[in-house]
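# Report on the structure
One letter stands for each residue in the lines below.
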Amino acid sequence: MQHFEVNFDGLVGPTHNYAGLSFGNVASLSNANGCSNPKQAAKQGLQKAKALADMGMKQGILAPQERPDVLTLRRLGFSGTDAQVLEKAAKQAPQVFLACCSASSMWTANAATVSPSADTVDGKVHFTPANLTNKFHRSLEPQITGRILQATFDHEKYFNHHTHLPDNEFFGDEGAANHTRLCSNYGHAGVEIFAYGRHAFDVTQPAPKKYPARQTLEACQAIARLHGLSDEGVVYIQQNPDVIDQGVFHNDVISVGNQNVLFYHEQAFRNTQQAFAEIQQKFGEQQVHFIKVDTEQVSVQDAVKSYLFNTQIITLANGEMAIIAPVECQENAAVSAYLSQLVTLNTPIKHVYYFDVKQSMRNGGGPACLRLRVALNDQELAAVNPNTLLSDTQFERLNNWIDKHYRDQLLVSDLHDPQLLIESRTALDELTQIMQLGSVYPFQQD
């Protein structure tokens, strides 16, 4: 049996915009109200996915959410035709309206937590959509995310789908952005590492003071239970509260793992050595490469600005590892110098490839934010909806679809344009046919 790590990249939606909604996300706030380019954003993400497929990686695509979210606006008391709902909301409650137009579902690292069959008690791949309760605009996503995941991984023999955790900050869950998995190879039982920012039920424990800690320990523990993970295959590690207050809103902004490598900044965690000893003990006899980046080499500010750790680490066909980095890493002197040195050291990471995902970066997400990792064996991969997997043919179809439906420029002030809503729904309806997802969007069901 063969085993793969499949990257499912989020397709950027047709209303991609810069509303600056995410307190604690420096890039998101600093680019608020800028002019976005939805067509370029979607193509940058799709081209990055295609490049990885061309490197031999298994690559899939996840559909975006519908935005503006008219259904939520109606739940909040805005009535009339869809055009009237948009007009009233934009005029009467502009911040609520912008939240219901969020482009954040493009970052599918937040879509869900995934545990492969090698780790779970029932031998199935488990999915739990993230509830994303810390941000109103993101808390609108889990239900549709769940539908998209079920339409993508639609086989009861191999896949187990859970409802997102209760919509309460005691169980705040940010998905794979605060979760990584180490393993000797993708088909062997691994160690799932859950990073959390605070204890929900014990306020005496350390927590950040400036920015919110979005993930709770209790949420991590609940997902481990839902997924049927053994205690010997799980490690809980707390994010450094001080580094959250420096703009590290998710753990994947300060560390990233792949197989037997954990690449991290020295300020990433609390009780680092104790947690790393537990990881090594549970991992087994093979050495885990804990690759530490010192503050003297790269400051937290440079790491956040360049998204050095919001990179992907992939294993190539020859067994060597490569970092998939945004061009911002190449443009930052300290980060570029560090990465040039890294590939010469005695670690599995031997290559760095740079990609232009500036449209995503300006909204606060790098290459790692754009993908959800799903470890699958060949039988499970064969059970995945084939129309969600990226082939040369599907790449061409999606590129043509983007050209047909997406605007080159979008201002925040354009979001209440009824014509944009019609364009977006027309595009998404066609996309569900291209990807054979069924009626996953509320407008299709109504």
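Reference entry: report on the structure contained in this document. The model shown is predicted, which means the values in this text are computed figures rather than measured ones. (Residues numbered from 1 in each chain as written. Predicted model: local features only at pLDDT ≥ 70, side-chain atom pairs only at ≥ 80, totals over all residues. Heavy atoms only, no water.)

Among the seven residues in strand β15 (residues 371–377), seven count as buried, and that is most of the element. In β15, alternate side chains face the same way, and those of R371, R373, A375 and N377 on one face and L372, V374 and L376 on the other are all buried. (Buried < 20%, exposed > 50% of the residue type's maximum accessible area, 1.4 Å probe, protein only. Helix = DSSP H or I, 4+ residues; strand = E, 2+ residues; numbered from the N terminus.)

The next thing to look at is the side chain of N178. Mapped onto the fold, N178 is located in the loop between β5 (159–161) and β6 (179–182). According to the relative accessible area criterion, N178 is buried, its value standing at 2%. Among the polar contacts listed, one links the side chain of N178 to the side chain of Q215, at a separation of 3.5 Å. Dropping the residues within four chain positions of it, N178 is found in contact with I193, F194, A195, Q215, Q239, H250 and N251. (Polar contact = N/O pair within 3.5 Å; in protein donor to acceptor, adjacent residues only side chain to side chain. Contact = heavy atoms within 4.5 Å.)

Take helix α10 (residues 272–283) next. Between its first and last C-alpha, α10 extends 16 Å over twelve residues, near the 16 Å set by a 1.5 Å rise per residue. Listed as buried for α10 are T272, A275, F276, I279, K282 and F283. Angularly, the buried residues of α10 cover 130° about the axis, an arc narrow enough to put them on a single face. The exposed residues of α10 that point more than 90 degrees off its buried face are Q273, Q274 and Q281. Where α10 is buried, its residues meet β6, β7 (191–196), β8 (234–238), β10 (261–265) and β11 (289–293). Looking one or two places after α10, you find G284, whose phi comes out positive at around 110°. (Expected span 1.5 Å × (residues − 1). Arc of directions from axis to C-beta.)

Let us look at the state of the cysteines. A complete count under the given rule lists zero disulfides for this structure. Cysteine C35 is unpaired, with the sulfur of C101 as its nearest cysteine sulfur at 16 Å. This cysteine, C220, is not joined by any disulfide, and C369 carries the nearest cysteine sulfur, 17 Å off. The exposure class of C220 is buried, given its relative accessible area of 0%. (Disulfide = S-S within 2.5 Å.)

What follows deals with helix α16 (residues 392–405). The end-to-end C-alpha distance of α16 is 20 Å, a good match for the 20 Å that 14 residues give at a rise of 1.5 Å each. Elements that come into contact with the buried residues of α16 comprise α2 (38–54), β2 (58–62) and α17 (418–434).

For L226, the location among the structural elements is in helix α8 (residues 217–226). Here L226 falls in the partly exposed class, since its relative accessible area comes to 34%. Here the alpha-carbon distance between L226 and E423, two residues 197 residues apart in the chain, equals 39 Å.

What follows deals with the environment of L372. Topologically, L372 is positioned in strand β15. Residue classification places L372 among the buried positions, given a relative accessible area of 1%. L372 sits 73 residues away from Q445 along the chain, and the two C-alpha atoms are 26 Å apart.

All right, on to the sheet that holds strand β13 (residues 321–326) then. The strand order across the open sheet built from three strands is β12-β13-β14, with neighbouring strands paired in mixed fashion. With partners counted over all chains shown, the strands left at the sheet margins are β12 (312–315) and β14 (349–355), one partner each. If you compare each strand with its neighbour and ignore which way they point, the axes differ by 25° on average. In the sheet, β13 pairs with β14 via six bridges, with the strands oriented parallel. Paired with M321 across the bridge in β14 is I349. (Pairing = 2+ DSSP bridges. Axes fitted to C-alpha atoms, helices over the stretch in contact; angles between N-to-C directions.)

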